[in-house]
Amino acid sequence: MNLPDKPEQVAKDKLREMQCKFNPLSRCDGSVMYCQGATVVISAVLGPIEVKTQNLSIDGSYLECNYRPKAGLPQVKERIREAAVRDVLELALLSEAYPRSKMSLQIQELEDRGSIDACALNSACLAMLIGGLPLKCSFAAVHCIINEQGEYILDPDQRETEHERASFTFAFDSLEGNLLLVQTKGSFKIAEFNDVESLCRSASAEILQFYRTSISNYHCRRSDTKTSEEQMET
Amino acid sequence: MFMNTGFFEPGKTKTERKFIQQAVKQSQRLDGRKSGESRDVQLTFGGEYGSVVVSLGDTKVMAQVTCDMGTPTTSRPNEGKLQLYVTLAGVSYLDSVQKTHDKRSLTLNSLLERTFRTSRCVDLESLCVASELHVWCIRVDVNVLNHDGNLYDASTVAVLAALMHFRRPDVTFTDGELRTYTEKERDMIPLLFLHYPVSVTYCIYTSNFQPFVDPTLLEENTADSTIILSFNSYQELCTLNAGGTVPTDVRTIMQCARSAANRCKAMVTFVRKALDQDEQQCLEGTKKNTGMLGLMENSSQKLSFKTLMKGDQKQQQYKTEDMDLEVEAKPNPKLEADEGENADNVENVESDQPAQEEELPMDDSGWLPQEPEPTIDPTKQSPGKPKRKRNKGNKKKQ
Amino acid sequence: MDSSNAIVMPGERITIIEEVAKEKRVILGPGLRRLDDTVVASKAGPLRHKEPGTYWIDNYQRRYVPARGDLVLGIIKGKAGDQYRVDIGSADIASISYLAFEAATKKNRPDLNPGDIIYARVLNASADIEPELVCVNSNGKRGKLGLLADGFFFKCTLNLGRLLLRENCPALAALTRELPYEIAIGVNGRIWVKANSLRETMALSNAILTMEQAGYTEIDKICDSLGDVLQA
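Residues numbered from 1 in each chain as written. Chains lettered and ligands numbered in written order. Predicted model: local features only at pLDDT ≥ 70, side-chain atom pairs only at ≥ 80, totals over all residues.

(A) Spotlight on the overall build of chain A. The number of helices and strands found in chain A is 4 helices and 9 strands. Across chain A, helices and strands are ordered from the amino to the carboxyl terminus as β-β-β-β-α-β-α-β-β-α-β-β-α. Its C-alpha atoms give chain A a radius of gyration of 19 Å, within 12% of the compact-globule value 17 Å for 234 residues. In terms of its C-alpha atoms, chain A occupies a principal-axis envelope of roughly 65 × 50 × 40 Å. Residues counted as buried form 52% of the 234 residues belonging to chain A. In chain A, once contacts between residues fewer than 6 apart in sequence are set aside, the share between residues at least 24 apart is 66%. (Helix = DSSP H or I, 4+ residues; strand = E, 2+ residues; numbered from the N terminus. Rg over C-alpha atoms; globule rule 2.2 N^0.38 Å. Buried ≥ 20, exposed ≤ 12 C-beta atoms within 10 Å, placed from the backbone. Contact = placed C-beta atoms within 7 Å.)

Below is the structure:
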């Protein structure tokens, strides 16, 4: 592979470094390039826009959600991921704000180095926030695995997932920390599940804080100018 | 009937069309480039082999190469397969506007097919493991991320760079048993190339027969004709795609061909350099950000045409004039308009000349015209350039 | 104005407004909604306040949502019955009646074709019906509305459009010092400009677009360089 063997050692109970770049694309209403460690995805939203008659709903907007893999056509795996994102978004989206319209979300995978499900969900949330689509709440998704030694590894790198016994993806909302999504794979004890859940829950706070600071930075960068303009006016 | 209001396409209103036509008449471009000046190209290689993102201004295209064992076709039993798939859907939101984009996707698809498959740039015979039984199938997925004009060039550069970056695993076939080696067992093998093609796109307007290289979306949508030429690094023509409503004369096409051939050559050199640099960084482990993370950082870190080809200028003297256009750092729009005017003056002077030369015999000496008149070129950027190229061409021919 | 560092996230309860609402009437703008007795945000961004009681969330939205009275730039898409269909960048395509132009009668119809740009006011806007435009004021005069010919037309963000439309916008005033021009700004994030010459128009539109990227503080710098460009 083209990558150096071990990029940097991240502690097992810490998230990899998160970065995001807002509106890298010009054609959509909001887009974000989001990475967690070396996993990179781009999400773009459009909406509210005109909806086809067959999808029209008079009391809410129709949500379209597509996930595109890096190579090849979307397969079952990608469809499942897509469905997971859609399910979570449907819970979070304030769809009655724009009836008879469509909200469209596209996610493009650029590099999958572990926790792609969680990354796709987080980038979807950021894209919605920056595109100004109305949400009931924001949400954060965290991926965690239990390896063969029984250790919990939060937000694993691809190399670490090779030795997984069980993997979990949780999504929490920002209001009361309710669970929006649980995906598990492999065998585990219910006590382990509870441990992982609380581990992920605490990590989700970090992600939500990341949303807040990124958006705040994005606004500051551009609105310092506005305040100065205000001064000019007075 | 009136679907797709969600999308805003520049260049669809009369106002814009009229404005661009007028601007073209005065040889001005909105972003301050000269007619022969391209936007900067940046490459970002992914963590896997055969994965690259090309940015051409705001246009972004991702290409990913994957390989698979398969059976060959009966007509070519000892050749591997090369398949190209273009996706306009996804984050670029290009699939939803039916009519025009259908055309766009068809043109792009056929351009890539002709440039890479029909021109036989990859040595497919080397991809054969066992005749009639096992061959490698190389699949290239082109994902358009953002469209701001000139998808064609961005896509061809992306496909070429991805193919050149790609490594396939080694395979042996003994006693009817196929064995694929992992990377640890044996080194991965790069693809073999017969030649390296890339395309260059020009837009032509009715108000001025001068071609404009590397159009933005606004320019592309308002253009009357688009000419796409693919050349390989030996300056051989691989694809010519000319469409639209302007009757284009031979001279314009020749002029395009001449500068396209040089541009393509420079582009291939650039891709090579970028690959070398990327590989070196990997070996040394100095690569700061891995894979596509490179897209997040500031442009100074990227493998960009302008920075990489700067040094090239000194080594390859014959190209100096040509490179001057490329190397210029992107000036801010204010200054650009300024330069645009200078270019305007130069071009106005020159465009007076072809009027006297109307009856030149058609050149049939080959794709790279050998005739000495520099005046047949109404738009060349500097008088010295074509001469040097012609010399170069002569050397090649002999 | 609140400090711009503090932003609210969707779903957050905004108690400041609730407090104020106990004493006087408040108006909830974009990004805020009432949920029973609470006020809740639905978008992310800094909370803005304007006396006496208007609150909204500032947001870099790019999609235009029509509101009554907005001035917009629309592109004619086609004719349907006795209406033109106009693209104003909203979810639904807008319509404008043949009779909504100055001095238009059943016989004397305005001559507009697909691809033309009009400056119009939104007459009707609601989530459930498609927006309707007019090109006349209540006295039947066109004023500044109507067909925009020549010039140049481009898209910008909604924010830039709104900013330029503010009263006494310093940016436009500064540009006026450099050169004379006509401008039509739509709150749907579209701008039409026309100056005396092509080069001036080009320089002007580039200046406005640079403003968007560079921020409005640099307006003086932009204007200076604009002046240099034009003198050259």
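Moving on from the coordinates now.
(B) Just the overall build of chain B, in detail. The secondary structure content of chain B amounts to 10 helices and 15 strands. Counting all 398 residues of chain B, 46% fall into the buried class. Intrachain contacts of chain B at a sequence separation of at least 6 include 71% that bridge at least 24 residues.

(C) Spatial organisation of the nonpolar core. Of all hydrophobic cores here, the largest spans 219 residues; its most connected members are Val54(B), Ala158(B) and Val159(B). Residue contributions to this core peak at 12 residues, all from helix α2 (residues 116–131) of chain A. Aside from chain neighbours lying at most four places away, what touches Val159(B) is Ala63(B), Leu84(B), Leu112(B), Phe116(B), Val140(B) and Val142(B). (Core = buried A, V, L, I, M, F, W, Y, C linked by C-beta atoms within 7 Å.)

(D) Layout of α2(A). All names here are of chain A. Taking 1.5 Å per residue as the helical rise, α2 with its 16 residues ought to reach 22 Å, and the 22 Å between its terminal C-alpha atoms agrees with that figure. Of all 16 residues that make up α2, 16 are buried, and the element is covered over most of its length. In the stretch just after α2, Gly132 is the one whose phi turns positive, near 70 degrees. (Expected span 1.5 Å × (residues − 1).)

(E) Inspection of the confidence of the model for chain A at higher detail. Residues and elements named next belong to chain A. When pLDDT is averaged along chain A, the result is 87, and 90% of the positions lie at 70 or above. Overall, residues 1–7 carries pLDDT values under 50, and its contacts beyond four positions in sequence, including any with other chains, amount to 17 contacts. Here residues 224–234 scores under 50 on pLDDT; set against residues more than four positions off or in separate chains, the count is 11 contacts. (pLDDT = per-residue confidence, 0-100.)

(F) Summary view of the UniProt feature "domain: Exoribonuclease phosphorolytic" (unreviewed entry) in chain B. Using the residue numbers shown here, the UniProt feature "domain: Exoribonuclease phosphorolytic" (unreviewed entry) corresponds to residues 37–169 and 195–260 of chain B. Within residues 195–260 of chain B, the helical portion is 26% and the strand portion 47%, while the C-alpha atoms at the span's ends are 16 Å from each other. (UniProt positions renumbered as here; feature names shortened; annotations may be inferred.)

(G) Looking closely at the sheet that holds strand β7 (residues 152–154) of chain A. Residues and elements named next belong to chain A. Overall, antiparallel pairing links the 4 strands, which are arranged β7-β6-β8-β9 in an open sheet. Strands with a single pairing partner mark the edges of an open sheet, and in this sheet they are β7 and β9 (179–186). Put simply, the sheet's adjacent strands are angled 20 degrees from each other on average, direction ignored. Bridging between strand β6 (residues 139–147) and β7 involves 3 bridges; their strand directions are antiparallel. When the bridges of β7 are listed, Ile146 appears paired with Tyr152. (Pairing = 2+ DSSP bridges. Axes fitted to C-alpha atoms, helices over the stretch in contact; angles between N-to-C directions.)

(H) Layout of the confidence of the model for chain B. Residue and element names in this part refer to chain B. Averaged over chain B, the pLDDT score is 76; the fraction of residues at 70 or greater is 71%. Here helix α8 (residues 320–327) is the element of chain B with the lowest mean pLDDT, 39, and helix α3 (residues 151–165) is the one with the highest, 94. Predicted confidence is poor over residues 314–398, with pLDDT under 50, and the contacts of this stretch with residues over four places away or in other chains come to 107 contacts. Reported confidence for the predicted complex is 0.87 by ipTM and 0.85 by pTM.

(I) Summary view of the UniProt feature "domain: Exoribonuclease phosphorolytic" (unreviewed entry) in chain A. The UniProt record annotates "domain: Exoribonuclease phosphorolytic" (unreviewed entry) at residues 15–134 of chain A. As a span, residues 15–134 of chain A carries 28% helix and 33% strand, and end to end its C-alpha atoms are 28 Å apart.

(J) The arrangement of the interface of chain B and chain A in detail. Taken together, the contact between chain B and chain A spans 34 residues of the former and 31 residues of the latter. When contributions to the side of chain B that touches chain A are tallied by element, the ones reaching two or more residues are β3 (59–70) and β6 (134–146) of chain B. Among the elements that line the side of chain B that touches chain A, the one with the most residues is β6(B), at 4 residues. For the side of chain B that touches chain A, the residue count by class is 12 nonpolar, 16 polar and 6 charged. (Nonpolar A, V, L, I, M, F, W, Y, C, P; charged D, E, K, R; others polar.)

(K) A look at the sheet that holds strand β2 (residues 27–28) of chain C. Residue and element names in this part refer to chain C. Spatially, β1-β5-β6-β2 is the arrangement adopted by the 4 strands of the open sheet, whose pairing is mixed. Either end of the sheet is taken by a strand with one partner, and the two such strands are β1 (7–8) and β2. Here 2 bridges tie β1 to strand β5 (residues 45–50), and the two strands are oriented antiparallel to one another. Within β5, the position partnered with Ile7 by the bridge is Pro46.

(L) Expanded view of the pairing of β6(A). Residue and element names in this part refer to chain A. Among the 9 residues of β6, 8 are classified as buried, and the element is accordingly described as predominantly covered. Bridge count for β6 against strand β8 (residues 164–173) is 9 bridges, and the pairing is antiparallel. Within β8, the position partnered with Val142 by the bridge is Phe170. Taken together, β6 and the strand that follows it, β7, pair antiparallel across an intervening segment of 4 residues, in which Gly150 is found at a positive phi of about 85 degrees.

(M) Molecular detail of the environment of Phe170(A). Residues and elements named next belong to chain A. By the element assignment, Phe170 lies in strand β8. We classify Phe170 as buried; it has 24 C-beta atoms within 10 Å. Put simply, Phe170 and Val182 are 12 residues apart on the chain and 4.8 Å apart in space, counted from C-alpha to C-alpha. The residues contacting Phe170, other than those within four sequence positions of it, are Ala141, Val142, Leu179, Leu181, Val182, Glu197 and Cys200.

(N) Inspection of the environment of Thr161(A) at higher detail. All names here are of chain A. Residue position: Thr161 is located in helix α3 (residues 158–161). For Thr161, a count of 16 C-beta atoms within 10 Å puts it in the partly exposed group. When the C-alpha positions of Thr161 and Arg113 are compared, they lie 9.6 Å apart, and in sequence the two are 48 residues distant. In this structure Thr161 touches Gly114, Ile145 and Pro156, once residues within four positions along its chain are discounted.

(O) Focus on the packing of α3(B) against helix α5 (residues 250–284) of chain B. Residues and elements named next belong to chain B. For the pair α3 and α5, interaxial distance at closest approach is 10 Å and the crossing angle is 40 degrees. If you check the angle between α3 and α5, you find them oblique. Once α3 is placed against α5, the crossing between them reads as right-handed. Where α3 approaches α5, its residues Val157, Leu160, Ala161, Met164 and His165 are matched on the opposing element by Met267, Val271 and Leu275. When grouped by side-chain class, the residues that make up the contact of α3 with α5 number 7 nonpolar, 1 polar and no charged. (Parallel < 35°, antiparallel > 145°, perpendicular 65-115°, else oblique. Left-handed = near helix turned anticlockwise from the far one by under 90°.)

(P) The arrangement of unusual backbone geometry in detail. With an omega of -5 degrees, the peptide bond between Gly47(A) and Pro48(A) qualifies as cis. Looking at the secondary structure, you find Pro48(A) in strand β3 (residues 39–49). The step from Glu51(C) to Pro52(C) runs through a cis peptide bond, and the omega angle for that step is 0 degrees. Tracing the sequence through the fold places Pro52(C) in the loop between β5 and β6 (54–57). The backbone of Asp36(C) sits at a positive phi, close to 55 degrees, despite the residue not being glycine. Positive phi is not limited to glycine here, since Ala103(C) has a value of about 60 degrees. By the secondary structure assignment, Ala103(C) is in the loop between β9 (94–97) and β10 (117–124).

(Q) Layout of the packing of helix α1 (residues 76–92) of chain A against α2(A). Residue and element names in this part refer to chain A. Running from amino to carboxyl end, α1 crosses α2 at an angle of 40 degrees, the nearest separation of the two axes being 10 Å. Classified by the angle between their axes, α1 and α2 sit oblique to one another. Between α1 and α2 the crossing geometry is right-handed. Along its contact with α1, which presents Arg81, Ala84, Val85, Val88 and Leu89, the element α2 presents Asp117, Ala120, Leu121 and Ala124. Its residues assigned to classes, the contact of α1 with α2 comprises 7 nonpolar, no polar and 2 charged.

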